[in-house]
Amino acid sequence: MDTNDYTRRIRYALKIDDADALRLIKLGGDSAALEEVEAWRKKEDDEGYAACPEPKLLAFLNGLVIEHRGPAPASPYRRPKSAERFDNNTVLKQLRIALSMRTDDVYEAIQAGGGRLGKTEVSAFFRNSDARNYRRCGDQVMRWFLAGLTTARDAGDSKNPTPS
């Protein structure tokens, strides 16, 4: 999945419009213009398409976390936001934190999206990358998770909270 795919799917699953996406990017410590945010929503074949840079997507995710959970407490051991790496595991962790989901909730969302993973496989996505049982989250798992969030939102499921 590319960054535009993430922004489209996350925004659709959580019902986030262009103005809210722009606000979340600013809250996450970056800046963008409304025209840029609109262009990131478009598909490659559409006129006015622009690729969403990774730092903008990370700022969007950080803004989502800050909006729903508040800013992270200052800690000398915390890695600076600019040093975050971009991969599916990072996106999954950020969404889990922002939506106050437990691993079981993530598992249920993946199941609702059509995935067939065990609970231990899902918990392995949230381990430190140096851990023996760490597992890399693939694109298909992310698609299942985001589809499950969309399904939960459409069904009005209270087990998988989505922002209002």
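Quantities reported herein were computed from a predicted structural model and do not represent experimental measurements. (Residues numbered from 1 in each chain as written. Predicted model: local features only at pLDDT ≥ 70, side-chain atom pairs only at ≥ 80, totals over all residues. Heavy atoms only, no water.)

Draft legend 1. Here's a closer look at the pattern of salt bridges. In this structure the tally under the stated criterion is nine salt bridges. Among the ionic pairs, Asp18 bridges to Arg41, the shortest N-O distance being 2.7 Å. Placement of the pair is Asp18 in helix α2 (residues 18–27) and Arg41 in helix α3 (residues 34–41), with a sequence separation of 23 residues. Judged by its relative accessible area of 40%, Arg41 is partly exposed. Residues Arg23 and Asp20 are paired through a salt bridge, measuring 3.4 Å at the closest nitrogen-oxygen approach. Placement of the pair is Arg23 and Asp20 together in helix α2, with a separation of three residues, close to one helical turn. Here the residues in one salt-bridge network are Asp5, Arg8 and Arg9, joined through shared partners. (Salt bridge = Lys/Arg side-chain N within 4 Å of Asp/Glu carboxyl O. Helix = DSSP H or I, 4+ residues; strand = E, 2+ residues; numbered from the N terminus. Buried < 20%, exposed > 50% of the residue type's maximum accessible area, 1.4 Å probe, protein only.)

Draft legend 2. Examining helix α4 (residues 54–69) more closely. Over its 16 residues, α4 runs 22 Å from end to end, which matches the ideal 22 Å to within 8%, given 1.5 Å per residue. Those residues of α4 not exposed but buried are Lys56, Leu57, Leu58, Ala59, Phe60, Leu61, Asn62, Gly63, Leu64 and Val65. (Expected span 1.5 Å × (residues − 1).)

Draft legend 3. Main features of the packing of aromatic side chains. Tallied over the full model, the rule gives one aromatic pair. Residues Tyr6 and Phe86 carry aromatic rings whose centres are separated by 5.5 Å and whose planes lie at 90° to one another, so their mutual orientation is edge-to-face. One end of the pair, Tyr6, is in helix α1 (residues 3–14); the other, Phe86, is in the loop between α4 and α5 (88–98), with 80 residues separating them in the sequence. Given a relative accessible area of 1%, Tyr6 falls into the buried group. (Phe/Tyr/Trp six-rings, centres within 6.5 Å; stacked < 30°, edge-to-face > 60°.)

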